[in-house]
Amino acid sequence: GTIKLLGVAKRSDNKAGGGVSAFVSPCFVPKENQLYGINGATNAVQIISKSLQETVLVGQGAGRFPTANSCVSDLLQIVQSTCSTPFPRQAPPGLAFKND
(Lines give C-alpha, C1' and ligand atoms only; values in the text may rest on other atoms or scores of the structure.)
Protein backbone atom coordinates (compact mmCIF):
# COMPACT_ATOMS: atom_id res chain seq x y z
CA GLY A 1 0.00 0.00 0.00
CA THR A 2 0.89 3.67 0.07
CA ILE A 3 0.15 6.86 2.00
CA LYS A 4 -1.94 9.51 0.19
CA LEU A 5 -3.40 12.82 1.30
CA LEU A 6 -7.17 12.28 1.13
CA GLY A 7 -10.19 14.45 1.72
CA VAL A 8 -12.89 12.31 3.31
CA ALA A 9 -16.55 13.30 3.74
CA LYS A 10 -19.32 11.21 5.25
CA ARG A 11 -23.01 11.98 5.56
CA SER A 12 -24.52 11.10 8.91
CA ASP A 13 -28.06 9.76 8.86
CA ASN A 14 -29.53 10.66 12.20
CA LYS A 15 -33.05 11.62 13.20
CA ALA A 16 -32.07 15.25 13.88
CA GLY A 17 -31.76 16.06 10.18
CA GLY A 18 -28.32 14.63 9.46
CA GLY A 19 -25.13 16.41 8.66
CA VAL A 20 -21.73 15.98 7.06
CA SER A 21 -18.40 15.33 8.69
CA ALA A 22 -15.25 15.94 6.66
CA PHE A 23 -11.48 15.95 7.11
CA VAL A 24 -8.23 15.97 5.14
CA SER A 25 -5.50 13.67 6.36
CA PRO A 26 -2.72 11.34 5.23
CA CYS A 27 -4.37 7.91 4.85
CA PHE A 28 -3.11 4.41 4.09
CA VAL A 29 -4.42 3.21 0.71
CA PRO A 30 -4.06 -0.54 0.11
CA LYS A 31 -2.71 -1.75 -3.23
CA GLU A 32 -6.10 -3.33 -4.04
CA ASN A 33 -7.92 0.04 -3.82
CA GLN A 34 -8.52 1.95 -7.08
CA LEU A 35 -7.10 5.15 -5.54
CA TYR A 36 -3.71 3.43 -5.17
CA GLY A 37 -2.83 4.01 -8.85
CA ILE A 38 -3.73 7.73 -8.90
CA ASN A 39 -0.56 9.84 -9.18
CA GLY A 40 0.69 13.27 -10.19
CA ALA A 41 -1.87 15.94 -11.08
CA THR A 42 -4.62 13.36 -11.62
CA ASN A 43 -7.66 13.78 -9.36
CA ALA A 44 -10.04 11.07 -8.24
CA VAL A 45 -13.27 10.86 -6.27
CA GLN A 46 -14.36 7.57 -4.77
CA ILE A 47 -18.08 7.39 -3.96
CA ILE A 48 -19.45 4.62 -1.79
CA SER A 49 -23.24 4.39 -1.62
CA LYS A 50 -25.99 1.86 -1.10
CA SER A 51 -27.23 2.27 -4.67
CA LEU A 52 -23.97 2.37 -6.65
CA GLN A 53 -21.77 0.58 -4.10
CA GLU A 54 -18.29 1.81 -5.15
CA THR A 55 -17.72 4.27 -7.99
CA VAL A 56 -14.48 6.06 -8.87
CA LEU A 57 -14.41 9.20 -11.03
CA VAL A 58 -10.96 10.12 -12.41
CA GLY A 59 -9.83 13.23 -14.29
CA GLN A 60 -6.82 15.38 -14.95
CA GLY A 61 -6.12 18.02 -12.32
CA ALA A 62 -4.47 21.38 -12.78
CA GLY A 63 -1.38 20.75 -10.64
CA ARG A 64 -0.29 22.24 -7.34
CA PHE A 65 0.35 25.88 -8.34
CA PRO A 66 -2.87 26.48 -10.33
CA THR A 67 -4.84 24.69 -7.60
CA ALA A 68 -3.27 26.79 -4.83
CA ASN A 69 -3.96 29.96 -6.83
CA SER A 70 -7.63 28.99 -7.27
CA CYS A 71 -8.03 28.17 -3.55
CA VAL A 72 -6.59 31.53 -2.48
CA SER A 73 -8.74 33.32 -5.06
CA ASP A 74 -11.88 31.54 -3.80
CA LEU A 75 -11.06 32.42 -0.18
CA LEU A 76 -10.54 36.07 -1.08
CA GLN A 77 -13.89 36.19 -2.89
CA ILE A 78 -15.63 34.67 0.14
CA VAL A 79 -13.98 37.11 2.58
CA GLN A 80 -14.70 40.11 0.31
CA SER A 81 -18.30 38.94 -0.28
CA THR A 82 -17.83 39.05 -4.05
CA CYS A 83 -18.63 35.41 -4.78
CA SER A 84 -21.87 34.07 -6.17
CA THR A 85 -24.12 31.51 -4.53
CA PRO A 86 -23.91 29.07 -2.75
CA PHE A 87 -22.02 31.38 -0.39
CA PRO A 88 -24.13 34.01 1.38
CA ARG A 89 -23.35 37.71 0.98
CA GLN A 90 -23.08 38.19 4.74
CA ALA A 91 -21.22 35.73 6.94
CA PRO A 92 -23.27 34.32 9.80
CA PRO A 93 -22.62 35.97 13.18
CA GLY A 94 -19.56 34.52 14.88
CA LEU A 95 -18.05 33.12 11.68
CA ALA A 96 -14.58 34.50 11.00
CA PHE A 97 -11.50 33.56 8.99
CA LYS A 98 -8.43 33.31 11.22
CA ASN A 99 -4.89 32.92 9.99
CA ASP A 100 -2.90 31.96 13.06
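### A few points about the pairing of strand β1 (residues 2-12)
- Counting buried positions over the 11 residues of β1 gives 1, only a small fraction of the element.
- Where β1 and strand β2 (residues 19-29) come together, 11 bridges link them in antiparallel fashion. Across the sheet, the residue bridging to K4 is C27, located in β2.

### Concerning helix α1 (residues 64-79)
- Its 16 residues place the ends of α1 23 Å apart at the C-alpha level, agreeing with the 22 Å of an ideal helix rising 1.5 Å per residue.
- Immediately downstream of α1, the backbone of S81 shows phi near 55°, a positive value.

### Notes on a nonpolar patch on the surface
- Taken together, V45, I47 and L57 make up a surface patch of nonpolar side chains, about 240 Å² in accessible area.
- Within the secondary structure layout, I47 lies in strand β3 (residues 42-49).

### Focus on the layout of surface pockets
- Size it by volume and the largest pocket reaches roughly 1,100 Å³.
- L6, G7, V8, L35 and Q46 are the residues nearest the centre of the largest pocket, which is lined by 27 residues in total.
- Where the lining of the largest pocket is concerned, the elements lending two or more residues are β1, β2 and β3.
- Taken together, the residues of the lining of the largest pocket sort by class into 14 nonpolar, 8 polar and 5 charged.

### Section: the pairing of strand β4 (residues 53-60)
- Summarising the sheet, β3 and β4 pair through 8 bridges and their orientation is antiparallel. Looking across to β4, one finds that V45 is bridged to L57.
- The hairpin turn running from β3 into β4, its antiparallel successor, is 3 residues long.

### Some details on the environment of N43
- The topology assignment puts N43 in strand β3.
- Relative accessible area serves as the criterion here: at 47%, N43 is assigned to the partly exposed category.
- When the C-alpha positions of N43 and G61 are compared, they lie 5.4 Å apart, and in sequence the two are 18 residues distant.
- The residues touching N43, leaving out its near neighbours within four places in the chain, are L57, V58, G59 and G61.

### Considering the side chain of K4
- Summarising the element assignment, K4 is placed in strand β1.
- For the buried residue K4, which engages in no salt bridge, the nearest side chain bearing the opposite charge is E32, 14 Å off.
- There is a polar contact of 3.4 Å between the side chain of K4 and the side chain of N39.
- Apart from the residues within four sequence positions on either side, K4 is in contact with S25, P26, C27, V29, L35, Y36, I38 and N39.

### Observations concerning the environment of S49
- Position of S49 relative to the elements: it lies in strand β3.
- Under the relative-accessibility criterion, S49 is labelled partly exposed at 28%.
- There is a polar contact of 3.0 Å between the side chain of S49 and the backbone nitrogen of L52.

What counts and what doesn't
- Residues numbered from 1 in each chain as written.
- Predicted model: local features only at pLDDT ≥ 70, side-chain atom pairs only at ≥ 80, totals over all residues.
- Heavy atoms only, no water.
- Buried < 20%, exposed > 50% of the residue type's maximum accessible area, 1.4 Å probe, protein only.
- Helix = DSSP H or I, 4+ residues; strand = E, 2+ residues; numbered from the N terminus.
- Pairing = 2+ DSSP bridges.
- Expected span 1.5 Å × (residues − 1).
- Patch = residues over 30% accessible without salt bridge, like charges linked within 9 Å, V, L, I, M, F, W, Y side chains within 5 Å.
- Areas by Shrake-Rupley, 256 points an atom, 1.4 Å probe, with all protein chains shown as cover.
- Salt bridge = Lys/Arg side-chain N within 4 Å of Asp/Glu carboxyl O.
- 1 Å grid on protein atoms, 1.4 Å probe; cavity = no way out; pocket = protein on both sides within 12 Å on 5 of 7 lines; lining within 4 Å.
- Points joined across faces, edges and corners; volume = space filled by probe spheres on them.
- Nonpolar A, V, L, I, M, F, W, Y, C, P; charged D, E, K, R; others polar.
- Contact = heavy atoms within 4.5 Å.
- Lys, Arg positive; Asp, Glu negative; His and termini not counted.
- Polar contact = N/O pair within 3.5 Å; in protein donor to acceptor, adjacent residues only side chain to side chain.

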